Each structure stands twice: as structure tokens, then as C-alpha cells.
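# Close look at the chain arrangement
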Amino acid sequence: MSKNKRILFINPVKEVEGEEYMRDYIKSAVDESVDIDVASLGRGPLHLEYHYYEALIGVDMLHMIKKAEKDGYDAAVIGCFYDPFLREAREICDQMVVTAPAESSLIIASSLGNSFSVIVGRRKWVPVMKENVFKYGFGEKLASFRILGLGVLDFHADENRTRDRLIQEAKEAVDNDGAECLVLGCTMQFGFYRELQEIVGVPVIDVILAPIKHAEMLVEVRDKFGWKVGKKGGYETPPLDEIRRFDIEGQYGVEGLWLK
């Protein structure tokens, strides 16, 4: 009898209001063969709208990801549409799959339509998200970014307001920008996709669900076919003797993290 896949969904902030509701939402979407946990960092900012905030969470999140691999998780999901430190996380993991919302959602969206629009909270978010769209190779399919004028902490504070703004911008993206698929460009927009896609008539990608389902698939192909992140190049793992010599574990209070 095969063991269940274990996935850790990381909210890369101090805490998320309604995290228990988020956990139930995620668990309702995964296969029965998946055990999924949701965790926050326990310190740091409450959102990553500013690059300074994003930089602050790097050490804690990367060490949480490495610990997850050591604890036997099959996959970790970085729960922010900026995909913070995704490359670094893949670099330090040997076997564990790591996904993140933007990359996973764009892979799915590009398979469901010839063009997509990303609906974001604030104009502030667009430059780095646009860079990621092109970095991942999907620039030619980008129809537009649509801006709601809402911050991360606003989405579930007044869900009726959020719903109204989403419907308005989604219709504009489809009718005026030519989007054949929509991507909700923040994990805190979770839960709105189903109603929205019924209204506008195109697929709407929930960026919490997309990286989790992507992670499930990557774990399966790893286990069945041996397909995993290649280590002969950009994702080469730092040498263990350097980590020991630099006393990285001691300096950051994570002794034993790199023990095999």
C-alpha cells in the first residue's frame, strides 16, 4: 500500500487571518491520497506588498522549506504570487518538489487559452509580476494586468466589495483585452474563482489551488519516472562543507538542518 503524498503550504508571512478557513479550503481540493498542512512563519510582516518585506522573510522561509524536506514532505508550496525565493528553494532541496503560485498558474492558464489576464490588487505589484510572466516564458500570451485597487489585507475584509471589483475587472479583461483565461494574482483572492468564471465564461485560475495541484503532479512524475529538478546547473545545491565552514546553521540557529 503506497503512502500518502505530504504537501506543506507555506504562507510566507507572520500569520494569516482565517488560516483555518484557508486550510479547510485547500484540503477540500486535494486528492484523498494527499495529506496537506498549512503553516505561517510566526514572525515578520503580514503581507509582502513591498520588496523590503519580501526580503525579510527569505531566511525563515528557506529554512522552513529545508526542514520540511528533512521531515519527509514530498512538496512545499510558497504561498505568494510573487513566487519569492522559488529558485533558491529548489536549489537547496534534493528530492522535495517546490512550487509557487505564479509559475504554476501561468503553466495551467497557458494550456487553457491563447491569452490570459492577471487580476491584481494594486499597481505596486505589477512590475515584478510582469517580470515573472516574461521570465517564465509566457509574455506573448499576456493580454493585460487588471488592477482592483485593493491591498492583500482588504480581500476578505469586505468580500462583497472584492467580488464587485473582481467582476468588473474580469469583464473588462475578457471583453476589452481579449483574455481567454484569467489568473487571480494573489493567494488571498482564494474562493472567488468559481462564481467569477461562471459570470465571465472563461477559466479563472485560483492561485492557491493551482500550485497545489501542480505539486501533486510533480510528485507523481518524480516517483513514477524519476523526473525531478536537475542539479547540473542553475539548481546546483550549495556544498555541505561550505555550509559547515561558514557556520550557516550556527549563525541562523538551525543546527542539524543539513544533516543527511
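Please refer to the structure placed before this passage.
Anyway, here's the lowdown on the structure attached to this text. (Residues numbered from 1 in each chain as written. Predicted model: local features only at pLDDT ≥ 70, side-chain atom pairs only at ≥ 80, totals over all residues. Heavy atoms only, no water.)

### Brief notes about the pattern of salt bridges
Test applied: What makes a salt bridge here is a side-chain nitrogen of Lys or Arg within 4 Å of a carboxyl oxygen of Asp or Glu, nothing more. When accessible area is computed with a 1.4 Å probe and restricted to protein chains, residues below 20% of their type maximum are described as buried, those above 50% as exposed, and intermediate ones as partly exposed.
Under the definition given, this model contains 19 salt bridges. Between Lys67 and Asp71 there is a salt bridge, with the nearest N and O atoms lying 2.7 Å from each other. Owing to a relative accessible area of 44%, Lys67 belongs among the partly exposed residues under this scheme. By relative accessible area, which is 39% here, Asp71 ends up partly exposed. One network of salt bridges, with partners in common, ties together Arg146, Arg165, Glu169, Glu172 and Asp177.

### What about the nonpolar core?
Cut-off, in case you're wondering: In these notes, a set of buried Ala, Val, Leu, Ile, Met, Phe, Trp, Tyr and Cys residues joined through side-chain atoms within 4.5 Å is what counts as a nonpolar core. Throughout, a residue-residue contact means that at least one pair of heavy atoms, one from each residue, lies within 4.5 Å.
Judged by nonpolar contacts, the single largest core of 88 residues is most densely connected at Ile26, Ile65, Phe116 and Leu182. If we skip the residues at most four places from it in the chain, Leu182 touches Ser117, Ile119, Ala170, Ala173, Val174, Val200, Val202, Pro203, Val204 and Ile205.

### Examining the sheet that holds strand S4 (residues 97-99)
How we decide: At least two DSSP bridges between two strands are needed for those strands to be called paired. We count a stretch as a helix when DSSP gives it H or I for four or more residues in a row; a strand needs E for two or more, and each element gets its number in order from the N terminus. To get an axis, a line is fitted to the C-alpha atoms, and for a helix only the part in contact is used. The angle between two axes follows their N-to-C directions and goes from 0 to 180 degrees.
Strands sit in the order S2-S1-S3-S4 across an open sheet of 4 strands; the sheet is parallel. Where the open sheet ends on each side, the last strands, each with one partner, are strand S2 (34-40) and S4. For this sheet the average axis-to-axis angle between neighbouring strands, irrespective of direction, equals 20°. Inspection of the sheet shows strand S1 (residues 5-11) paired to strand S3 (residues 75-78) by 4 bridges, in the parallel sense.

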